[in-house]
Amino acid sequence: MAGSVGLHRVIEPAGVLPQAAWRLDASPEIGPDEVRIRVQRLNLDAASFRQLAQKHGGDGAKIRAEVLEIVGTRGKMHNPVTGSGGMLIGVVEEVGPESPLPVKQGDRVATLVSLTLTPLRITDGLANWDGRSEQVPADGTAILFGRSIVGVLPDDLPAELALAVYDVCGAPALVDRVVRNYREPAVLVLGGAGKSGSLSLAAAKRAGARTTAIVVSEAERDALAQAGVADEIAIADARNPVEVAQKAGGADITVVCVDVPGCEHGAILATAEKGTVIFFSMATSFSAAALGAEGLAADVTMLVGNGYVPGHADFAVDLLRTTPAVRALFEKRIAGD
């Protein structure tokens, strides 16, 4: 068990799992059930990147320096403020003889587990990254454990696009599962123009839901309207509970995909009694959600999107392939980065 979940990689504090650890051993030598990846690109979690960008006023050099400091200190990309990380793509360099992962040397893969639990070394100083985008060209090594999740990159998608999709692939798969427990539900997605938001809308619509999106600007509204996955789109501040409820209240299922804190109460207030709220944002305060629901006397089920549903990567890629307008949203976001 210790090897399969990476306990031997924990430096401090002793006895916790890698995700909860402050510091990991990121040395490239692998154990019998580990896999070493030659890193090519990181995808920072949206909440983490936003926090770093705001802290440093968009100064790319300072953002890059802090990412290097975090990885160098902690042996992983684990933002100490947001508690989130991201994921990466790279090439399999070595596979331990006891590894159960379905990869071989030379495979180009995406890690489907968080960088907050992935031992990571950066060896190029992030010299090819300007510090102004979530996607980070990088050279180094990463270690996967026996119970890690990894996907071989599809041949028909550019690596940057596949990485962006894999980064949020848990969201649409869970939305699909929840929607299918209802009969033609009304689904509200906060942050519907983003990566996880647009895929969640596409999944909900495919599963038979009526879909509404909350976005923050006219530009986002216009871009999302072209995708055709939202039946209604409202512009509102997701942090304003009354505004959200007035513009999109009564949803059977509300999905939070906004990468800023303070959206918990609006999601709860906009959800009908006996409804479900799914939190996918790493900016979520789960204490605020729990206490907010109690204070509002809201009889709702609240789910934490943990990023993993069996088959989630294939499901998300299929949504992208079959919904060209959503793919266009992703490509525009990547180009804008």
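Structure: above.
Residues numbered from 1 in each chain as written. Predicted model: local features only at pLDDT ≥ 70, side-chain atom pairs only at ≥ 80, totals over all residues. Heavy atoms only, no water.

Glancing now at the pattern of salt bridges. Counted according to the given criterion, the structure contains 21 salt bridges. Close ionic contact of Asp 156 with Arg 321 constitutes a salt bridge, the shortest N to O distance being 2.8 Å. Here the residue Asp 156 occupies a position in the loop between strand S8 (150-152) and helix H4 (159-166), and Arg 321 occupies one in helix H11 (residues 312-322), the gap between them amounting to 165 residues. With a relative accessible area of 42%, Asp 156 lands in the partly exposed category. The partner of Arg 221 in a salt bridge is Asp 222, with the nearest N and O atoms 3.2 Å apart. Here the residues in one salt-bridge network are Arg 36, Arg 38, Glu 93, Glu 94 and Asp 139, joined through shared partners. (Salt bridge = Lys/Arg side-chain N within 4 Å of Asp/Glu carboxyl O. Helix = DSSP H or I, 4+ residues; strand = E, 2+ residues; numbered from the N terminus. Buried < 20%, exposed > 50% of the residue type's maximum accessible area, 1.4 Å probe, protein only.)

Moving on: the environment of Val 16. In this structure, Val 16 sits in the loop between strand S1 (10-12) and strand S2 (23-24). Between the C-alpha atoms of Val 16 and Val 277, which are 261 residues apart in sequence, the distance is 30 Å.

The next thing to look at is the sheet that holds strand S14 (residues 301-304). The strand order across the open sheet built from six strands is S11-S10-S9-S12-S13-S14, with neighbouring strands paired in parallel fashion. Pairing within the sheet leaves two strands with one partner each, and these edge strands are strand S11 (232-235) and S14. Going across the sheet, the axis of each strand differs from the next one's by a mean of 20 degrees, ignoring polarity. Bridge count between strand S9 (residues 186-190) and strand S12 (residues 251-256): four bridges; the pairing is parallel. Directly across from Val 189, in S12, lies its bridge partner Val 255. Contacts from helix H5 (residues 170-179) reach S9, S12, strand S13 (271-279) and S14, with the element oriented near 160 degrees to S13. Helix-sheet contacts for helix H7 (residues 218-227) involve strand S10 (210-215) and S11, and the interaxial angle to S11 is about 170 degrees. (Pairing = 2+ DSSP bridges. Axes fitted to C-alpha atoms, helices over the stretch in contact; angles between N-to-C directions. Contact = heavy atoms within 4.5 Å.)

A separate point is the side chain of Ser 281. Along the chain, the position of Ser 281 falls in the loop between S13 and helix H10 (286-295). A relative accessible area of 6% means that Ser 281 is categorised as buried. Within the local environment of Ser 281, its side chain forms a polar contact with the backbone nitrogen of Ala 283, the two atoms lying 3.0 Å apart. Once residues within four sequence positions are removed from consideration, Ser 281 is found in contact with Val 256, Val 258 and Asp 259. (Polar contact = N/O pair within 3.5 Å; in protein donor to acceptor, adjacent residues only side chain to side chain.)

Another point: the nonpolar core. If you look at the biggest cluster of nonpolar residues, it comprises 53 residues, and the most contacted ones within it are Leu 224, Val 255 and Phe 330. With residues up to four places along the chain from it excluded, the contact list for Leu 224 reads Gly 192, Ala 193, Leu 201, Ala 213, Val 215, Val 229, Ala 230, Ile 233 and Leu 329. (Core = buried A, V, L, I, M, F, W, Y, C linked by side-chain atoms within 4.5 Å.)

Axis angle and axis distance: for two packed helices, these are the angle between their axes and the distance between the axes, and together they describe the pair. Across the interface, helix H6 (residues 195-206) lies against helix H12 (residues 324-336) with an axial gap of 10 Å and an inter-helix angle of 175 degrees. Relative to H12, H6 is oriented roughly antiparallel. Along its contact with H6, which presents Lys 195, Ser 198, Leu 199 and Ala 202, the element H12 presents Val 326, Leu 329, Phe 330 and Arg 333. Among the residues making up the contact of H6 with H12, the classes are represented as five nonpolar, one polar and two charged. (Parallel < 35°, antiparallel > 145°, perpendicular 65-115°, else oblique. Nonpolar A, V, L, I, M, F, W, Y, C, P; charged D, E, K, R; others polar.)

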